[in-house]
Amino acid sequence: MNCMICGRNGKEGENSCPVCHFPHVILPCAGDGNGVNEIEKISGELSAYRSRFLEKVDIGVVIYYWKGENGVIVPDGEERISFGTGKALYGQTVWLPVKFARIPGEERVPVRVSVRWEGREEEQMFFIPNLEEARLQALGAVLDSGMELQLFAGNGTGVVSSRKQPLFPG
Ligand SMILES: [Zn+2]
């Protein structure tokens, strides 16, 4: 069962979630259909806990710099840019203030997403369809109520989106 707070895939034998520390809740009557009512009763507490946890989570992307050197384009370092906290992205698309050059000739663009919390960091790749026009692009992200992250690229004429992926795949 996935963690009710952060969505991480739970493993057997855990008493609490290793990502957000939420105790694994065992509900009475879960087998006879009343479990849903029990979850509704505590849903306020669940969202309060999630909100506090998401304040401590930072979601960003790692971008690469390139430079020309003797007529060839070579890597010139990388930088992590933050979208903001998980709370800021929860149910609301946040766009980065910087614009990115389009990568020509690619069907989809890989984006390295970095999630930081409590001194830890996890990375995963997202893929966004490449926009056709050779214009600068903005990069956006949103976190849905199922704790899945989705990225967007927009260039003023269109917006394309990645597939949704769990923020904490586990
Ligand atoms: Zn969790």
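Residues numbered from 1 in each chain as written. Predicted model: local features only at pLDDT ≥ 70, side-chain atom pairs only at ≥ 80, totals over all residues.

> Would you mind showing me how to read the overall build of the chain here?
In terms of helices and strands, the chain carries three helices and nine strands. Along the chain, from the amino end to the carboxyl end, the secondary structure elements read α-α-β-β-α-β-β-β-β-β-β-β. In the chain, of all internal contacts separated by at least 6 residues, the share reaching a separation of at least 24 is 46%. (Helix = DSSP H or I, 4+ residues; strand = E, 2+ residues; numbered from the N terminus. Contact = placed C-beta atoms within 7 Å.)

> Quick question: what am I supposed to make of the sheet that holds strand S4 (residues 108-117) here?
Working definition: the strands of a sheet are paired by backbone hydrogen bonds and lie parallel or antiparallel to each other. The strand order S2-S1-S4-S5 describes an open sheet built from four strands, whose pairing is antiparallel. In this open sheet, the two strands that pair with only one neighbour each are strand S2 (72-85) and strand S5 (120-129). Here the strands of the sheet are splayed against their neighbours by 30 degrees on average, with no regard to which way each runs. Inspection of the sheet shows strand S1 (residues 57-69) paired to S2 by 11 bridges, in the antiparallel sense. In the sheet register, Glu69 faces S2, and the bridge partner there is Val72. (Pairing = 2+ DSSP bridges. Axes fitted to C-alpha atoms, helices over the stretch in contact; angles between N-to-C directions.)

> Honestly, the domain arrangement of the chain in this entry has me stumped. Any pointers?
Interface size, as often reported, equals the accessible area lost upon joining of the parts. On domain assignment, one finds that the chain holds domain 1 (1-55) and domain 2 (58-166). Computed over C-alpha atoms, the centres of domain 1 and domain 2 are 30 Å apart. In this assembly, five residues from domain 1 lie in contact with seven residues from domain 2. Class assignment for the residues of the side of domain 1 that touches domain 2 results in two nonpolar, two polar and one charged. (Domains from an automatic or database assignment. Nonpolar A, V, L, I, M, F, W, Y, C, P; charged D, E, K, R; others polar.)

> Any chance you could explain unusual backbone geometry here in plain terms?
Most peptide bonds take the trans configuration, and most residues that are not glycine carry a negative phi. A positive phi angle, near 50 degrees, is found at Glu118, a position not held by glycine. If you trace the backbone, Glu118 turns up in the loop between S4 and S5. Judged by the 11 C-beta atoms lying within 10 Å of it, Glu118 is exposed. Phi angles above zero are rare outside glycine, and Met147 is one such case at about 60 degrees. (Buried ≥ 20, exposed ≤ 12 C-beta atoms within 10 Å, placed from the backbone.)

> What exactly am I supposed to notice about helix H2 (residues 43-55) here?
Turn by turn, an α-helix covers 3.6 residues, leaving residues three or four places apart pointing in a common direction. In this model H2 runs 18 Å from its N-terminal to its C-terminal C-alpha over 13 residues, within 8% of the 18 Å that 1.5 Å per residue would give. Within H2 the residues assigned to the buried category are Arg50, Phe53 and Leu54. Along the long axis of H2, the arc covered by the buried residues comes to 95 degrees, so they all point the same way. When the buried face of H2 is taken as reference, the exposed residues oriented beyond 90 degrees from it are Gly44, Glu45, Ala48 and Arg52. The inward-facing, buried residues of H2 contact S1, S2 and helix H3 (86-89). (Expected span 1.5 Å × (residues − 1). Arc of directions from axis to C-beta.)

> Got a minute to help me understand the pairing of S5 in this structure?
Two faces make up the sheet, and in a regular strand the side chains alternate between them. Examined bridge by bridge, S4 and S5 share 10 bridges and lie antiparallel to one another. Following the sheet pairing, Arg116 is matched in S5 by Glu121. What sits between S4 and S5 in their antiparallel hairpin is a turn of two residues, with Glu118 showing a positive phi close to 50 degrees.

> So what exactly am I meant to see when it comes to the nonpolar core here?
Nonpolar side chains in soluble globular proteins generally cluster together in the buried interior. Counting 25 residues, the largest nonpolar core has Cys6 and Cys20 as the members making the most contacts within it. Sorting the residues of this core by element identifies H2, S1, S4, strand S6 (137-143) and strand S7 (148-154) as the ones contributing at least two each. Formed jointly, this core draws a minimum of three residues from each of two domains, domain 1 (1-55) and domain 2 (58-166). (Core = buried A, V, L, I, M, F, W, Y, C linked by C-beta atoms within 7 Å.)

> Could you clarify how one ought to interpret the environment of Ile39 in this entry?
Following the sequence through the fold, Ile39 ends up in helix H1 (residues 35-41). Sequence separation of Ile39 and Met4 is 35 residues, and the distance between their C-alpha atoms is 9.9 Å.

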